[in-house]
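Coordinates in review
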Amino acid sequence: MKIHLSSVFVDDQDKALRFYTEVLGFVKKTEVPLGDDRWLTVVSPEDPDGTELLLEPDGHPAVKPYKTALVEDGIPAASFAVDDVPAEFARLRELGVRFTQEPLEMGPVTTAVLDDTCGNLIQIVHSK
């Protein structure tokens, strides 16, 4: 068994697609119209047949309080692996990304947390 799909709830699919592709560097894999919304996924360009991330609309009434609580408590909605957290932090900061946690070494793990502009905190992480 392996993870095929995970999702983040976003407040605007177009804005999310721009951020996750143009800023973070993912590529769009699937876009299927579903009424007012879309089944919209992105993948890593390094693994186009790997795990997909669904940019899921946050319209369900339970989602906004959930997202708000996570952000208020500083809890990331997702975690993405990178090769070098300080370098990725610098690259993203140069692009105007707002971080809520600068790179932090915790033993064998280095993390940083960013705001995805769509209502979520996202962690980037590297394990030694």
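So, how was this worked out
Residues numbered from 1 in each chain as written. Predicted model: local features only at pLDDT ≥ 70, side-chain atom pairs only at ≥ 80, totals over all residues. Heavy atoms only, no water. Helix = DSSP H or I, 4+ residues; strand = E, 2+ residues; numbered from the N terminus. Rg over C-alpha atoms; globule rule 2.2 N^0.38 Å. Buried < 20%, exposed > 50% of the residue type's maximum accessible area, 1.4 Å probe, protein only. Contact = heavy atoms within 4.5 Å. Areas by Shrake-Rupley, 256 points an atom, 1.4 Å probe, with all protein chains shown as cover. Lys, Arg positive; Asp, Glu negative; His and termini not counted. Charge placed at Lys NZ, Arg CZ, Asp CG, Glu CD. UniProt positions renumbered as here; feature names shortened; annotations may be inferred. Salt bridge = Lys/Arg side-chain N within 4 Å of Asp/Glu carboxyl O. Pairing = 2+ DSSP bridges. Axes fitted to C-alpha atoms, helices over the stretch in contact; angles between N-to-C directions.

Comments concerning the overall build of the protein
When its secondary structure is counted, the protein shows three helices and eight strands. In sequence order, the secondary structure elements of the protein are arranged as β-α-β-β-β-α-β-α-β-β-β. At 15 Å, the protein has a C-alpha radius of gyration in line with the 14 Å of a compact globule built from 128 residues. Along the first, second and third principal axes, the C-alpha set of the protein runs to 45 × 35 × 35 Å. Burial statistics for the protein: of 128 residues in total, 36% are counted as buried. Long-range pairs, those at least 24 residues apart, make up 51% of the contacts in the protein between residues at least 6 apart in sequence. Summing over all exposed atoms, the protein offers an accessible surface of approximately 7700 Å²; the carbon and sulfur share of this is 54%. The averaged location of the 23 negative side-chain charges in the protein is 1 Å from the averaged location of its 12 positive side-chain charges.

Details of the UniProt feature "domain: VOC" (unreviewed entry) in the protein
UniProt records the feature "domain: VOC" (unreviewed entry) for residues 2-127 in the present numbering. Between the first and last C-alpha atoms of residues 2-127 the distance is 20 Å; the span itself is 25% helix and 42% strand.

Quick word on the pattern of salt bridges
As a working rule, side chains carrying opposite charge can pair if their charged atoms are close by. Taken as a whole and judged by the stated rule, the model has ten salt bridges. Here Asp58 and Lys67 are joined by a salt bridge, their closest N and O atoms 2.8 Å apart. Classification of Lys67 as buried rests on a relative accessible area of 6%. Here Asp115 makes a salt bridge to Arg98, at a shortest N to O gap of 2.9 Å. Linking Asp115 in strand β7 (residues 109-115) with Arg98 in the loop between α3 (85-94) and β6 (99-106), this pair joins segments that are 17 residues apart in sequence. One connected set of salt bridges, linked through shared partners, spans Asp14, Lys28, Glu31 and Arg38.

Concerning the sheet that holds strand β3 (residues 37-43)
Pairing is mixed in the open sheet, where four strands are placed in the order β1-β4-β3-β2. The sheet terminates laterally at β1 (5-10) and β2 (27-34), the two strands that pair on one side only. Direction aside, neighbouring strands of the sheet carry axes that sit 25 degrees apart on average. Taken together, the two bridges between β3 and strand β4 (residues 52-57) define a ladder with antiparallel strand orientation. Looking at the pairing, Val42 lines up with Leu53 of β4.

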